[in-house]
Amino acid sequence: MSDDRSVGRLAREFANSCRVQLRPGPGGAQSVVTLSLIAGSASHELAGRVAHLLGLELTACHIQRFPDSELHVELLDSVRGSDVFVLQSTSPPAEQHLLELLLIADACRRAGAGRLTAVIPYFGYARQDRRAHGREAVGARLVADLIQTSGFARIAAVDVHTPAIEALASIPVEHLSAVPALIEAVRPLCDERATVVAPDLGAARLADRYAESLGLPVAVVHKTRISGEEVRVSRVTGDVAGRWPIIVDDMVSTGGTIEAAYHALTAVGCQAYAVVVTTHGLFVGSAQERFQALNLRSVIVTDSVAVPELPAPLRIVGLDHTLAEAIRRLNEDRSMAGLLELR
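The rules behind each value
- Residues numbered from 1 in each chain as written.
- Predicted model: local features only at pLDDT ≥ 70, side-chain atom pairs only at ≥ 80, totals over all residues.
- Heavy atoms only, no water.
- Helix = DSSP H or I, 4+ residues; strand = E, 2+ residues; numbered from the N terminus.
- Buried < 20%, exposed > 50% of the residue type's maximum accessible area, 1.4 Å probe, protein only.
- Areas by Shrake-Rupley, 256 points an atom, 1.4 Å probe, with all protein chains shown as cover.
- Axes fitted to C-alpha atoms, helices over the stretch in contact; angles between N-to-C directions.
- Parallel < 35°, antiparallel > 145°, perpendicular 65-115°, else oblique.
- Left-handed = near helix turned anticlockwise from the far one by under 90°.
- Contact = heavy atoms within 4.5 Å.
- pLDDT = per-residue confidence, 0-100.
- Expected span 1.5 Å × (residues − 1).
- Salt bridge = Lys/Arg side-chain N within 4 Å of Asp/Glu carboxyl O.
- Core = buried A, V, L, I, M, F, W, Y, C linked by side-chain atoms within 4.5 Å.
- Phe/Tyr/Trp six-rings, centres within 6.5 Å; stacked < 30°, edge-to-face > 60°.
- Lys NZ or Arg CZ within 6 Å of the ring centre and 35° of its normal.

1. Thoughts on the overall build of the protein chain
So, point 1. Looking only at helices and strands, one finds ten helices and 15 strands in the protein chain.
So, point 2. Each of the 343 residues in the protein chain was classed as buried or not, and the buried ones make up 49%.
So, point 3. When the accessible surface of the protein chain is split by element, carbon and sulfur atoms take 50% of a total near 16,100 Å².

Shown next, in the form of structure tokens:
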């Protein structure tokens, strides 16, 4: 008995000295499960900050591109038996970053990883969740299938464009949100003259969430998408005359929706001094030129993707605390309840 107690004490001391978890093994014996965090190239800086909060060193992973453009992934540290989290946004170039994620998973699986979780701050292809015109690929479903096939047991993603991702994926999806932190970032800018604006119907529920927390009224811009960069606005619902807008959305890509909403709001008497708040700031295509032409007080985004310089005051809200806490809870098999309220 004394030997068993000594072994148990040593195991607990070892677990406390490293980032590991003790789990019941055969016959009630406790086994040590190491937590490993691997960064993809799209999220290396963010992953470094998350690792620091978890008291970890990033698991070394060498990613290179051959002259013929093929990607090659090699793990430089052991992950055998580990609870492995791979942190990678599938941001532009989406195909490259997605393939990186899949190759890292395959390398981990072949190296004997115990469990694999994809931590995806920005989930690309999420907008392709259905067929709008008949002869289209459902990209979100295909990407979810690829993630599962590569060996991941679950996905943790931040403010996914559509909740349908959970129905499309065959593995569990943990929904994380940056909205509580973004609300706190915009709160100091608010006064009684502000109105939260959804730039389209798809953002209406998100706008309600901001408005309820900030104690502000809501307006909705009704738009029709013409193409990937062009939208048309039909009307604005809500009292915006003489007020200044806080335009909220889950993502900004080319900025076409924000531009159309901004001009529609000013046309019905809204003040031109606007704030834009979004989780994912891709700012691709003509976004730079569009934002330069708008009179913006501030643009508030997270670091779910690498954010370029903008011709407007920019504030970046870090996701590192939210992701670190999510990884800690998942590693310890604890409830995710209450995580969305984290700042």
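2. Some thoughts on the packing of helix α6 (residues 179-186) against helix α7 (residues 204-214)
So, point 1. Look at α6 against α7: their axes get within 10 Å of each other, and the N-to-C directions meet at 50°. One element, α6, and the other, α7, form an angle in the oblique class. Crossing of α6 over α7 shows right-handed handedness. Taken together, the residues of α7 that come into contact with α6 (itself represented by Val179, Pro180, Leu182, Ile183 and Val186) are Leu206, Arg209, Tyr210, Ser213 and Leu214.

3. Some remarks on the confidence of the model for the protein chain
So, point 1. Chain-level pLDDT for the protein chain is 88 on average; 86% of the residues reach the 70-or-more range.
So, point 2. Note that pLDDT drops below 50 for residues 11-18; the model gives that stretch six contacts with residues more than four away or on any other chain.

4. Considering helix α8 (residues 256-267)
So, point 1. Spanning twelve residues, α8 covers 17 Å between terminal C-alpha atoms, matching the ideal 16 Å at 1.5 Å per step.
So, point 2. Downstream of α8 by one or two residues, glycine 269 has phi in the positive range, about 100°.

5. Considering the pattern of salt bridges
So, point 1. Per the counting criterion, the structure on display carries 15 salt bridges.
So, point 2. The residue arginine 109 makes a salt bridge to aspartate 106 at a minimum N-O spacing of 2.5 Å. Highlighted residues: arginine 109 and aspartate 106, both in helix α3 (residues 94-110), separated by three residues, approximately one helical turn.
So, point 3. Within the structure, one salt-bridge network assembled from shared partners comprises Glu325, Arg328, Arg329, Glu332 and Arg334.

6. Regarding the nonpolar core
One broad rule of soluble globular proteins: the nonpolar side chains tend to lie buried together.
So, point 1. In this structure, Val50, Tyr210, Ile246, Val277 and Leu323 are the most contacted members of the largest nonpolar core, which totals 49 residues.
So, point 2. Residues Leu101, Ile104, Ala113 and Ile165 belong to the second largest nonpolar core, which totals 32 residues.

7. Remarks on the packing of aromatic side chains
So, point 1. Following the criterion strictly, the structure yields one aromatic pair and no others.
So, point 2. Ring plane angle 85° and centroid distance 5.4 Å describe the contact between phenylalanine 283 and phenylalanine 291, whose orientation is recorded as edge-to-face. Comparing phenylalanine 283 with phenylalanine 291, the two get one shared label, buried.
So, point 3. Here the guanidinium or amino end of arginine 297 rests over the ring plane of tryptophan 244, the centre of that ring lying 5.1 Å away.

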